[in-house]
Amino acid sequence: MEKGNVQAPGPLWKIILVAAVAAGIQFGWALQLSLLTPYVQTLGVPHAWAAFIWLCGPISGLVVQPIVGYSSDHCTSRFGRRRPFIVGGACFVAIAVFFIGFAKDIGYRTGDPLENKATKPRAVAMFVVGFWILDVANNMLQGPCRAFLADLSASDHKRMRIANGLFSFFMAVGNVLGYGAGSISHLYKLLPFTSTVACDVYCANLKTCFIIDIVFLLLITIIAVSFVKETPFTGKEEVKDDEENSSGPFFGELLKSLKTLKKPMWILLLVTALNWIAWFPFLLYDTDWMGREVYGGNVNGNDAQEKLYNAGVRKGALGLMINSIVLGFSSLGLEPVSRVIGGVKNLWGLVNFILGGCLAGTVGITKVAEAWRTKHRPEILPPPNNIKSGALAVFGLLGIPLSVTFSIPFALASIYCSTAGGGQGLSLGVLNLSIVIPQMFISVVSGPLDAAFGGGNLPAFVLGAIVAIISALLAIFALPNPPKQVSLDAGMAGGH
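Conventions we followed
Residues numbered from 1 in each chain as written. Predicted model: local features only at pLDDT ≥ 70, side-chain atom pairs only at ≥ 80, totals over all residues. Heavy atoms only, no water. Helix = DSSP H or I, 4+ residues; strand = E, 2+ residues; numbered from the N terminus. Buried < 20%, exposed > 50% of the residue type's maximum accessible area, 1.4 Å probe, protein only. Contact = heavy atoms within 4.5 Å. Areas by Shrake-Rupley, 256 points an atom, 1.4 Å probe, with all protein chains shown as cover. Axes fitted to C-alpha atoms, helices over the stretch in contact; angles between N-to-C directions. Parallel < 35°, antiparallel > 145°, perpendicular 65-115°, else oblique. Nonpolar A, V, L, I, M, F, W, Y, C, P; charged D, E, K, R; others polar. Disulfide = S-S within 2.5 Å. Salt bridge = Lys/Arg side-chain N within 4 Å of Asp/Glu carboxyl O. Left-handed = near helix turned anticlockwise from the far one by under 90°. Polar contact = N/O pair within 3.5 Å; in protein donor to acceptor, adjacent residues only side chain to side chain. Phe/Tyr/Trp six-rings, centres within 6.5 Å; stacked < 30°, edge-to-face > 60°. Lys NZ or Arg CZ within 6 Å of the ring centre and 35° of its normal. pLDDT = per-residue confidence, 0-100. Patch = residues over 30% accessible without salt bridge, like charges linked within 9 Å, V, L, I, M, F, W, Y side chains within 5 Å. Core = buried A, V, L, I, M, F, W, Y, C linked by side-chain atoms within 4.5 Å.

S.K.: Which parts of the structure should I look at to understand the overall build of the protein?
M.R.: The helix and strand inventory of the protein stands at 20 helices and 0 strands. Within the protein, the fraction of its 496 residues that count as buried is 55%. Taking as baseline every contact in the protein between residues at least 6 positions apart, the subset at least 24 positions apart corresponds to 83%. Of the roughly 20000 Å² of accessible surface on the protein, a fraction of 68% belongs to carbon and sulfur atoms.

Next up, the structure:
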């Protein structure tokens, strides 16, 4: 059994420094969500194929996090168990940002055409490589950071709750910074060199955002690993004991746990999987929906249509920032609200109805926006304030179910798995399967599904709405009540 090196809880200031790394991680994740799907389409990748690129996140989350987590548990470096992985992850983020931000420039210098509508195969290749590295790096950072906080908390449950709360707080800070940066239309003027022959204003803004992110992340990481030291791990007996009692470093234990899962955990996995099938289409295409359906822009259209699309994407980034603020505040009220309405499973079901209603509401907002554009043709104008306000309200309301998605499933998993002898790490590893596999499913089917119904985002959103309602009903009527009070903590979940 693994035992941490810290015999007593570390001081609070050390926990704050390590938790602050979450702000840098989430800054980059927020930029991914808000800006990268539209950016992919400027490289000439069709909308229907953009979702396949997003397979990077769930695949790396499925493979990289368990491997890195296990490796960091058994790392015997003189610098400690967690810090080498944290530093390595930050360095890989820097490499990934270079490939993504400068993909168009590299592609142009190696033979890609300059025409907006032309496919840029070399730039696409650079982007895909950078995107995969970025997702791997984010997973390298997130897992060891959480484990480092657990080490610093030792066995003090109160200190662990404080550490999780601080991690959640800095996640919200990173979200607000990332979405806020993505919504600024001329941020590239801070770094004028980012605008080049091959890189237009949108591309230069993206490049500037990522450069700011890497400076921010590296600064926080350097401060954290410099001031928070680790005792080198030398627990050879613990490692030997782990190996003797498992059929593999991590995956053997995971398979063994799956074979012994009780019915409540299987239902939890099902509800969680459906929940993420509902979520992922919107997380994937939210800013594209604002630019394409709400604003009526076209990333591959004429100059006016492209400008309108970019304005919609920036408004979508603002919506995501609002979503993050609502997420932060609503997570503070989950515990008392769950007691009022009869438990966490009723709360989960209720907010999934909200999720389904918001996703269905995107259809109504889109139809109203289309009717307004038809009335004002041939002028190319942004939608009126009432339509923009309705779309932003959807973003804001979705912060409520998102706070539950980031907390209740993880809290229930730790309780249900405890009866099978699994700890928190193992239970979250099991639950992770019901998150990343649905993401892979949506990444594969959402593009062809949207293309089959005209190429927009609404078919995937409607699918999400239907699945959200099914998930809500299962949460209320099939999910067993937990045997004891659940301590809710929105900091338990990450970006992938």
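More follows now that the structure is in view.
S.K.: Sorry, what's going on with the packing of helix α12 (residues 263-294) against helix α16 (residues 385-397) here?
M.R.: The relative placement of two packed helices is expressed as an angle between their axes plus a distance between the axes. At a minimum axis distance of 12 Å, the contact between α12 and α16 shows a crossing angle of 180°. Taken together, the axis directions place α12 and α16 in an arrangement best described as roughly antiparallel. Here F282, D286, W289, M290 and V294 of α12 lie close against α16, whose contacting residues are I387, A391 and F395. Here the residues of the contact of α12 with α16 sort into 7 nonpolar, no polar and 1 charged.

S.K.: Please explain the state of the cysteines as it appears in this structure.
M.R.: One way to say it: the disulfide is the covalent bond shared by the sulfur atoms of two cysteines. This model, assessed by the stated rule, comprises 1 disulfide. Each disulfide pairs two cysteine sulfurs, and for C199 the partner residue is C203, the sulfurs being separated by 2.0 Å. In this structure, the disulfide formed by C199 and C203 twists by about -105° around the S-S bond and is classed as left-handed. Exposure remark for C199: the relative accessible area of 0% places this residue in the buried category.

S.K.: Is there a simple way to think about the pattern of salt bridges in this case?
M.R.: Opposite charge on two side chains lets them pair, provided their charged atoms get close. Per the counting criterion, the structure on display carries 4 salt bridges. Measuring nitrogen to oxygen at the nearest pair gives 2.7 Å for the salt bridge that ties D105 to K207. Of this pair, D105 sits in helix α6 (residues 103-109) while K207 sits in helix α9 (residues 201-227), and the two are 102 residues apart along the sequence. In this structure, the salt-bridge partner of D288 is R292, at a minimum N-O distance of 3.3 Å. Of the two residues, D288 and R292 are both situated in helix α12; the distance of 4 residues between them amounts to about one turn of the helix. Taking the relative accessible area as the measure of exposure, D288 reaches 0% and is therefore buried.

S.K.: Whenever I open this one, the packing of helix α1 (residues 12-19) against α9 confuses me. Can you help?
M.R.: Between α1 and α9, the least distance of the axes is 8 Å, while the angle of their chain directions is 150°. Classified by chirality, the crossing of α9 by α1 is left-handed. Contact residues: α1 offers W13, K14, L17 and V18, while α9 offers I223, A224 and F227. Among the residues making up the contact of α1 with α9, the classes are represented as 6 nonpolar, no polar and 1 charged.

S.K.: Whenever I open this one, the side chain of T194 confuses me. Can you help?
M.R.: Relative to the helices and strands, T194 is located in the loop between α8 (157-182) and α9. A distance of 2.7 Å separates a polar side-chain atom of T194 from the backbone oxygen of L191.

S.K.: How do you make sense of the environment of A475 when you look at a structure like this?
M.R.: Along the chain, A475 turns up in helix α20 (residues 458-477). The buried category is assigned to A475, whose relative accessible area is 0%. Residues A475 and V344, 131 residues apart in the sequence, show an inter-C-alpha distance of 9.2 Å. Residues within four places of A475 in sequence aside, it is in contact with V271, K345, W348 and G349.

S.K.: Explanation requested: the environment of L397 in the structure shown.
M.R.: Within the secondary structure, L397 sits in helix α16. For the pair formed by L397 and V351, sequence separation is 46 residues and the distance between their alpha carbons is 9.8 Å. L397 has contacts with I354 and C358, leaving out every residue within four places of it along the chain.

S.K.: What should I look at first to understand the side chain of D105 in this one?
M.R.: Classification of D105 by relative accessible area gives buried; the value is 11%. Ignoring anything within four residues of it in the chain, the contact list for D105 reads T196, A198, C199 and K207.

S.K.: How do you make sense of the packing of aromatic side chains when you look at a structure like this?
M.R.: Aromatic ring pairs are reported here in terms of the distance separating the ring centres and the angle at which the planes meet. One pass over the structure, following the stated rule, counts 9 aromatic pairs. When the centroid spacing of 6.4 Å and the interplanar angle of 55° are considered together, the rings of F282 and W289 count as tilted. Both residues of the pair, F282 and W289, count as buried. Taken together, the aromatic side chains of F282, W289, F395 and F461 make up a single cluster linked through ring pairs. Over the face of the ring belonging to F102 we find K207, whose NZ or CZ atom lies 4.5 Å from the ring centre.

S.K.: Before we go on, may I ask you to explain the confidence of the model for the protein in this structure?
M.R.: On average, residues of the protein carry a pLDDT of 79, and 79% of them reach 70 or more. Of all the helices and strands in the protein, helix α10 (residues 236-244) carries the lowest mean pLDDT, 45, while α16 carries the highest, 95. Ignoring residues within four places in sequence, the model shows residues 1-6, a span with pLDDT below 50, making 19 contacts including any to other chains.

S.K.: Is there a simple way to think about a nonpolar patch on the surface in this case?
M.R.: A cluster of nonpolar residues, W13, L219, I223 and F227, forms a patch on the protein surface that exposes about 420 Å² of accessible area. Locating F227 in the fold gives a position in helix α9.

S.K.: Please clarify how the nonpolar core should be interpreted in this entry.
M.R.: In globular proteins that are soluble, nonpolar side chains generally tend to be buried together. Grouped together as the largest cluster of nonpolar side chains are 58 residues, with contacts concentrated most on L268, W289, V294 and W348. Among the elements that make up this core, the one with the highest residue count is α12 (18 residues). Counting 56 residues, the second-largest nonpolar core is a separate cluster that includes I100, C199, I214 and I220.

S.K.: Help me understand the environment of G333 in this model?
M.R.: Within the secondary structure, G333 sits in the loop between α13 (303-331) and α14 (334-340). Each C-alpha atom of the pair G333 and S403 lies 9.8 Å from the other, and the pair is 70 residues apart in sequence.

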